[in-house]
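Each chain is listed here by its residues.
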Amino acid sequence: MASRAEREEAGERRDWRDVARDAADLALLGILLVLAAVPLVTAAAAVGTASAAVHDWTRTGSWPSARTTVRRFGRAVLPGVPVSLLALTVAGLLAADLAALATDRVPGGPVALLVTALIAAGLAGYAGLVVVEVGGNGGGQWRAAARSAARACLDAPTRWAALTGVTALAGLLAVLVTPVAVPILAGYTVAALHAVAGRQRFATGAAPVPVRPELP
């Protein structure tokens with residue numbers, strides 16, 4: 001079967017079946033992502049591998065093979081452990097701080113709550129860009145992705161703001177939807193981050209950030 005990119009090059013139009021297939025693929029991606037992240041210390045590896053899969057899909061129109069995906073995940077587990085622990089720690093501290101401010105258990109009032117919420121949103125947007133960048137280098141080079149994302153945030157603040165909006169919307173939907181739909185939302189969120197980051201990069205004329213190629 002021809003890939004999406006090959007069909008588009010041949011001039012074939014996408015119909016509802018293509019849209020339904022893409023939606024199902026992203027839902028499955030999200031479910032696998034959440035299952036792989038259940039041990040928590042593998043969360044970064046799961047997210048990086050999913051991002052790498054979406055990176056391939058958005059550029060070639062085809063998903064990577066199961067063998068490639070499993071290999072990427074295996075290589076990303078150990079490098080991703082400190083990233084998982086750091087992300088969980090920061091998220092936990094910010095959540096506890098927001099909860100304490102919202103219930104007036106600590107001083108600060110609405111102003112401190114607003115400032116903390118903005119900081120949390122900005123960090124979430126930066127993390128979203130890191131996820132996009134790590135997907136471009138095979139899903140495991142978090143340090144290089146973090147540096148690339150930091151440069152991109154400084155060079156194109158609108159791109160940072162757009163990704164902050166995506167992560168904020170995803171967080172809101174995660175609270176509103178039924179828990180069983182949260183894994184599905186995870187796959188859509190990774191795809192949305194790639195779509196918005198790519199669109200903003202094109203709109204601002206920013207050059208792609210060079211990353212080290214994935215090892216065979």
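Scroll up a little and you will see the structure.
Below, the structure is looked at part by part. (Residues numbered from 1 in each chain as written. Predicted model: local features only at pLDDT ≥ 70, side-chain atom pairs only at ≥ 80, totals over all residues. Heavy atoms only, no water.)

**Brief notes about the environment of Asn137**
Part 1: By the element assignment, Asn137 lies in the loop between helix H5 (109-135) and helix H6 (142-155).
Part 2: Exposure remark for Asn137: the relative accessible area of 3% places this residue in the buried category.
Part 3: Each C-alpha atom, one on Asn137 and one on Gly48, is 9.3 Å from the other, the two residues being 89 residues apart in sequence.
Part 4: At 3.4 Å, the side chain of Asn137 forms a polar contact with the backbone oxygen of Gln141. (Helix = DSSP H or I, 4+ residues; strand = E, 2+ residues; numbered from the N terminus. Buried < 20%, exposed > 50% of the residue type's maximum accessible area, 1.4 Å probe, protein only. Polar contact = N/O pair within 3.5 Å; in protein donor to acceptor, adjacent residues only side chain to side chain.)

**Focus on the pattern of salt bridges**
Part 1: Taken as a whole, this structure holds three salt bridges when the rule is applied.
Part 2: Between Arg159 and Glu133 there is a salt bridge, with its nearest N and O atoms 3.7 Å apart. With Arg159 in helix H7 (residues 157-176) and Glu133 in helix H5, this residue pair connects regions lying 26 residues apart in the sequence.
Part 3: Accessibility expressed as a relative area gives 5% for Glu133, which makes it buried. (Salt bridge = Lys/Arg side-chain N within 4 Å of Asp/Glu carboxyl O.)

**A closer look at the layout of surface pockets**
Part 1: When its volume is computed, the largest pocket comes out at roughly 1,700 Å³.
Part 2: Residue lining of the largest pocket: 43 residues in total, with Ala87, Ala91, Ala124, Ala127 and Val131 positioned closest to the centre.
Part 3: Residue assignment for the lining of the largest pocket shows that the elements contributing at least two residues are helix H2 (16-37), helix H3 (43-60), helix H4 (66-102), H5, H6, H7 and helix H8 (182-204).
Part 4: At eleven residues, H4 tops the list of elements feeding residues into the lining of the largest pocket.
Part 5: A per-class count over the lining of the largest pocket returns 37 nonpolar, six polar and no charged.
Part 6: A volume near 430 Å³ is recorded for the second largest pocket.
Part 7: What lines the second largest pocket is a set of 17 residues, and nearest its centre among them are Leu29, Leu32, Thr49, Ala53 and Thr69. (1 Å grid on protein atoms, 1.4 Å probe; cavity = no way out; pocket = protein on both sides within 12 Å on 5 of 7 lines; lining within 4 Å. Points joined across faces, edges and corners; volume = space filled by probe spheres on them. Nonpolar A, V, L, I, M, F, W, Y, C, P; charged D, E, K, R; others polar.)

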